[in-house]
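# Overview (structure and organization)
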Amino acid sequence: MSRTISYITPSQLHSTIPKPQLHRPNSIAIVDVRDEERSYDGHIAGSFHFASDGFVERIPSLIQMVKGRDTLVFHCALSQVRGPRCARRLLDYLTETKDEAGVKNIMVLESGFNGWEASGKPVCRCTDNPCKAELA
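Figured I'd write up the structure that's included with this text. (Residues numbered from 1 in each chain as written. Predicted model: local features only at pLDDT ≥ 70, side-chain atom pairs only at ≥ 80, totals over all residues. Heavy atoms only, no water.)

## Re helix H4 (residues 82-97)
- Between its first and last C-alpha, H4 extends 22 Å over 16 residues, near the 22 Å set by a 1.5 Å rise per residue.
- Within the span of H4, buried status applies to Arg82, Gly83, Pro84, Cys86, Ala87, Leu90, Leu91 and Leu94.
- Residues of H4 that are buried make contact with strand E1 (5-8), helix H2 (37-41), helix H3 (55-65), strand E5 (71-75) and strand E6 (105-109).
- In the segment just after H4, Lys98 is the residue with positive phi, at about 55°. (Helix = DSSP H or I, 4+ residues; strand = E, 2+ residues; numbered from the N terminus. Expected span 1.5 Å × (residues − 1). Buried < 20%, exposed > 50% of the residue type's maximum accessible area, 1.4 Å probe, protein only. Contact = heavy atoms within 4.5 Å.)

## Focus on the packing of aromatic side chains
- Following the criterion strictly, the structure yields 1 aromatic pair and no others.
- For the ring pair Phe55 and Phe74, a centre distance of 5.9 Å and an interplane angle of 80° mean the geometry is edge-to-face. In this pair, Phe55 is assigned in helix H3 and Phe74 in strand E5, connecting sequence segments 19 residues apart. (Phe/Tyr/Trp six-rings, centres within 6.5 Å; stacked < 30°, edge-to-face > 60°.)

## Digging into the side chain of His49
- Following the sequence through the fold, His49 ends up in strand E4 (residues 48-49).
- Here the side chain of His49 touches Arg34 through a polar contact of 2.7 Å, landing on its backbone oxygen.
- Non-local contacts of His49, meaning those with residues more than four positions away in its chain, are made with Asp32, Arg34, Asp35, Arg38, Arg58 and Asn129. (Polar contact = N/O pair within 3.5 Å; in protein donor to acceptor, adjacent residues only side chain to side chain.)

## Quick notes on the nonpolar core
- Membership of the largest hydrophobic core comes to 21 residues, with the highest contact counts inside it found for Phe55, Leu62, Leu72, Phe74, Leu90 and Ile106.
- The set of elements that each furnish at least two residues to this core consists of strand E2 (28-32), H3, E5, H4 and E6.
- Counting residues per element, this core draws most heavily on H4, which supplies 5 residues. (Core = buried A, V, L, I, M, F, W, Y, C linked by side-chain atoms within 4.5 Å.)

## Overview of the pairing of E6
- Burial within E6 is extensive, with 4 of its 5 residues counted as buried.
- The pairing of E1 with E6 spans 4 bridges and is classified as parallel. Residue pairing across strands places Ile5 opposite Ile106, the latter belonging to E6. (Pairing = 2+ DSSP bridges.)

## A closer look at the side chain of Ser47
- Among the structural elements, Ser47 can be located in the loop between strand E3 (43-44) and E4.
- Taking the relative accessible area as the measure of exposure, Ser47 reaches 0% and is therefore buried.
- In this structure, Ser47 is in contact with Ile30, Asp32, Arg38, Asn129, Pro130 and Cys131, ignoring residues within four places of it in sequence.

## Some words on the packing of H3 against H4
- Packing of H3 against H4 leaves a shortest axis separation of 10 Å and a crossing angle of 70°. Taken together, the axes of H3 and H4 lie roughly perpendicular to each other. By crossing handedness, the relation of H3 to H4 is classed as right-handed. In this structure, H3 contributes Phe55, Val56, Ile59, Pro60 and Ile63 to the contact, and H4 contributes Cys86, Arg89, Leu90, Tyr93 and Leu94. (Axes fitted to C-alpha atoms, helices over the stretch in contact; angles between N-to-C directions. Parallel < 35°, antiparallel > 145°, perpendicular 65-115°, else oblique. Left-handed = near helix turned anticlockwise from the far one by under 90°.)

What follows is the structure in structure tokens.
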């Protein structure tokens, strides 16, 4: 399967994620690749944390954690370096190993976490990984 990396805005992502009250399965996994700033800046509710430092070694673990999700959305603080780089590394890994892992779409959140928060989207401050909170 030929994959590319595309971008998604905070508003598009927020409207795409099923709301808990609709009882629909969530096929999107949000992957936060920020390093230590996640612990004090907060994060997107429901996201998985896989710090960019050491990301490649943890790809098999990421694939296990997101089983059943066909879209992965990566972000860092601004999604200018770490987010796109980790998205590319996952794409390369899946291509090299010929592992489909059920992933159909790899995306990067435009403007990253800072853009998400600045646009008024919900932020969680828990310390769980993955975050168990749901987007409202």
